[in-house]
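Examining the three-dimensional arrangement
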Amino acid sequence: MNLPKLNHTVDTQSLKADRRRVERRQWWLSFSGVLVTLILTVGIVSFAMTIFFLQRNFWDSLNIHLAMRALVGMVFLFVVYVVYQQHQIHRFRMHLVAQEELFTLIGENAADMIAVVTVQGERLYNSPSYEKLLGYTPADLEKTSAYEQIHPDDKPAVKSAAEEAKKTGIGRRVEYRIRHKSGEWRVLESTASAVRNAHGEVEKLIIVNRDITERRQLEQQLLLSQRLEAVGKLSGGIAHDFNNILGVIIGYSEALQETIGVDDPMREAVDEIEKAGQRAAALTQQLLAFSRKQVLEPKILDLNSIVADVEKMLRRLIGADVELEIISDPTIGKVKADRGQIEQVILNLAVNARDAMQQGGRLKIETRNADLDANDSRRKRYVVPGHYVMLQVSDTGMGMSAEVQSHIFEPFYTTKEQGKGTGLGLATVYGVIKQSGGYIWLESEIGKGSTFQVYLPRAEGVEEETARIEPSFKTAGPGTILVAEDEPSLRKLTCNTLKESGYRVLEAEDGAKAIEIAAQFDKDIHLLLTDVVMRGMNGRELADKMSSAHPRMKVLYMSGYTDGAVATHGVLESGIVILRKPFSRKQLQQSVGEMLAKTTGEGAAEVNAEHTANR
């Protein structure tokens, strides 16, 4: 008997044909056994008739020999048949064992969960993968119906798909949430196949479930990433022009404030214009931080010192009804990040926690070393294993639902009342941490508070952050400054501010004009103040071309967002100094004064490198 090989791939029809072939052979084996038994019985009866009924001489030698041979032959035939029958039974048994082993192998190692249920929903079989993926033992599943662990909102869709499979015999794909034994909700993708009886009626359903929770999470992360990228492109695209406009508004407002007295009836209006400009500038910076297009000045930082510096400000922000607890690990490593941005992260997280504790509570800030390993990479695929420093901010507030948590880092998403938040605080935190090469995770539950964990890569084998040096500079001087700015209003404001400070100012609307003016000017140019993004020639190219003709000229860039001409991945190159737009008159005067106050013999690269290190 030729049995099908186990490693052959067969469809449903071939399996049925094989089963019918095995059944026919079993019938033939049974029939042949009955036939051999009848032949042996007939032979024995014939032998008995010869001796007793025909009255033959029992001792007749011929009769004895014939009878003995006939009897031996029949016995031999019977023995041969018995051996053959046992061999066939053994083959059948081995085939069944192999099929059972194959079925067990598939059931125990299948990544998908396989279930067989009756049309009434009674469980007949559940593969071992149910326990691996959902935590339920066979005993647990026997006590419940097939629908008990399904999310209440998804039960109608699942039952509808089951009814459709019963009626049509064809199951459709359906997604639903099912409760893990731990209480967590997992997302399953399910298909059902109908098993019909001899009358063509559906009597069982074979259901194959696949856990797609991780896939759905990745899809949501991809969707969020695409959404963030779109916002980032939009904010980066408008930031340059918008910051130029804000610079003009803020600059002229400050000029009016200097000329209008405090008692003037228009002073309040001017002050409000200036405040509105500053708020708009802050929103622009938050968008750039979120989209990771801001310019960072990373230094080697001690996270404990940053937390200690902002502690006093935090106590004023959170109010007296919130208890502040700070736990600092003195052995934590250093991180490389922008100090101002990390301070902003701590303040934003603290303010968010305060808003979640309207009746008071406890805010805890903790720092410690942390190592992310392969297990974290499997849990969150974007994680790079390594050594990190963790900043944890936790509160005892109202907590957040899973739905809110899925949107918490999106820009302009807020659960606060209208007018009480822009929805950019946590989006800014997300952008800063991502641009610094770190990760931020959130754990929260309704009524049990929230915990934000920020992981920043540990900077090993590097020097500590240099102490801040208070600059010593002149706010006015005899220096000559070439201003290259393609926005007329901002260029005019900048030049007027510098002229008021006593500088000699040359104006250029673009890079080509700046080179032409420099070529015609027969004296030294002490400082090139140039916008980074200009038509035709960007600021970096202009500085490179002018440096050969003016090697002692210093360079100060103006920019509203990170650009490949002066920054790589938002991090300043060595020797580059940027005056961020929109800037105030005081910031302009201070930055220019700092640059020109450097030793005259220093070249642009050396001055910029030292200036960057001291800021």
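The text that follows walks through the structure, step by step, so that each part is easy to find.

A separate point is the overall build of the protein chain. Along the backbone of the protein chain there are 17 helices and 19 strands. Going through the 615 residues of the protein chain one by one, you find that 42% of them count as buried. Across the protein chain, contacts joining residues at least 24 apart in sequence account for 67% of those joining residues at least 6 apart. As displayed, the protein chain offers around 34100 Å² of accessible surface, 55% of which is attributable to carbon and sulfur atoms.

Our focus in this paragraph is the nonpolar core. In this structure, Ile346 and Leu363 are the most contacted members of the largest nonpolar core, which totals 39 residues. Considering every element that reaches this core, the biggest residue donor is helix 9 (residues 339–356), with 7 residues.

Among the 10 residues in strand 10 (residues 386–395), 8 count as buried, and that is most of the element. Across 10 bridges, strand 9 (residues 361–372) lies against strand 10 in antiparallel orientation. Across the sheet, the residue bridging to leucine 372 is glycine 386, located in strand 10.

Okay, the sheet that holds strand 19 (residues 578–580) next. Within the open sheet, the 5 strands sit side by side as 14-13-15-16-19. Their pairing is parallel. Each having just a single partner strand, strand 14 (504–508) and strand 19 make up the two edges of the open sheet. Taking the axes of each pair of neighbouring strands and ignoring which way they run, one obtains an average angle of 20° across the sheet. Of the pairings in the sheet, the one linking strand 13 (residues 480–484) to strand 14 comprises 5 bridges and is parallel in character. Counted as the bridge partner of leucine 482 is leucine 506 from strand 14. Against the sheet, helix 15 (residues 539–549) engages strand 13, strand 15 (527–531) and strand 16 (554–559), with an angle of about 155° to strand 15. Along the sheet face, helix 16 (residues 585–596) touches strand 13, strand 15, strand 16 and strand 19 and points at about 155° away from the line of strand 16.

The subject of this paragraph is the pattern of salt bridges. The tally for this structure, following the rule as stated, stands at 28 salt bridges. Two residues, glutamate 184 and arginine 186, come together in a salt bridge whose shortest N-O distance is 3.0 Å. Judged by relative accessible area, glutamate 184 falls into the partly exposed class, the value being 39%. With a shortest N-O distance of 3.1 Å, aspartate 531 and lysine 581 are connected by a salt bridge. Residue aspartate 531 is found in strand 15, and its partner lysine 581 is found in the loop between strand 19 and helix 16; the two are separated by 50 residues along the sequence. Across the pair, lysine 581 and aspartate 531 agree in class, each one buried.

To continue, consider helix 8 (residues 303–318). Given 3.6 residues per turn, any residue in an α-helix points the same way as the ones three and four places further on. At glutamate 311, helix 8 shows its strongest bend, of approximately 45°. Listed as buried for helix 8 are Leu303, Asn304, Ile306, Val307, Val310, Leu314 and Ile318. Contacts made by the buried residues of helix 8 are with strand 6 (299–301), strand 7 (322–328), helix 9, strand 9 and strand 10. By the N-cap criterion, in which a side-chain oxygen at the helix start approaches the backbone nitrogen of a residue two or three places on, helix 8 is capped by aspartate 302, the distance to asparagine 304 being 3.1 Å. Trailing helix 8 by a residue or two, glycine 319 shows a phi angle of about 90°, which is positive.

Pairing within the open sheet is antiparallel, and its 5 strands lie in the order 2-1-5-4-3. The sheet terminates laterally at strand 2 (123–126) and strand 3 (174–179), the two strands that pair on one side only. Across this sheet, the average inter-strand angle for adjacent strands is 30°, counted without regard to direction. Here strand 4 (residues 185–196) runs beside strand 5 (residues 202–211); their pairing, made up of 9 bridges, is antiparallel. Bridging across to strand 5, glutamate 189 finds its partner in arginine 210. Packed on one face of the sheet, helix 5 (residues 155–168) meets strand 3, strand 4 and strand 5 and runs near 135° to strand 5.

Scoring rules and cut-offs
- By convention here, each chain's residues receive numbers from 1 onward along its written sequence.
- Under the rules for a predicted model, residues below a pLDDT of 70 receive no local features and side-chain atom pairs below 80 are neither given nor counted, while totals for whole chains, interfaces and linings still include all residues.
- Side-chain numbers come from the whole structure's heavy atoms, not from hydrogens or water.
- Numbering of helices and strands starts at the N terminus; helices are DSSP runs of H or I of at least 4 residues and strands are runs of E of at least 2.
- Exposure categories follow from relative accessible area, calculated using a 1.4 Å probe and restricted to protein chains: below 20% of the type maximum is buried, above 50% is exposed, and the middle band is partly exposed.
- Pairs of residues are marked as contacts when any of their non-hydrogen atoms sit within 4.5 Å.
- All accessible-area figures derive from a Shrake-Rupley calculation using a 1.4 Å probe, and residue coverage is judged against the displayed protein chains alone.
- Buried residues of nine kinds, namely Ala, Val, Leu, Ile, Met, Phe, Trp, Tyr and Cys, make up a nonpolar core once their side-chain atoms join them within 4.5 Å.
- Think of it this way: DSSP has to see at least two bridges between two strands before they count as a pair.
- Interaxial angle, 0 to 180 degrees, is taken between N-to-C directions of lines fitted to C-alpha atoms, where a helix line uses only the stretch in contact.
- We count a salt bridge whenever a side-chain nitrogen from Lys or Arg sits within 4 Å of a carboxyl oxygen from Asp or Glu.
- One fitted axis covers the seven residues ending at a residue, a second covers the seven starting there, and the bend at that residue is the angle between these axes.
- Whenever a nitrogen or oxygen atom comes within 3.5 Å of another N or O atom, the pair is scored as a polar contact, on the condition that within protein one atom can donate a hydrogen and the other can accept it, and that pairs from neighbouring residues in sequence are kept only if both atoms are in side chains.

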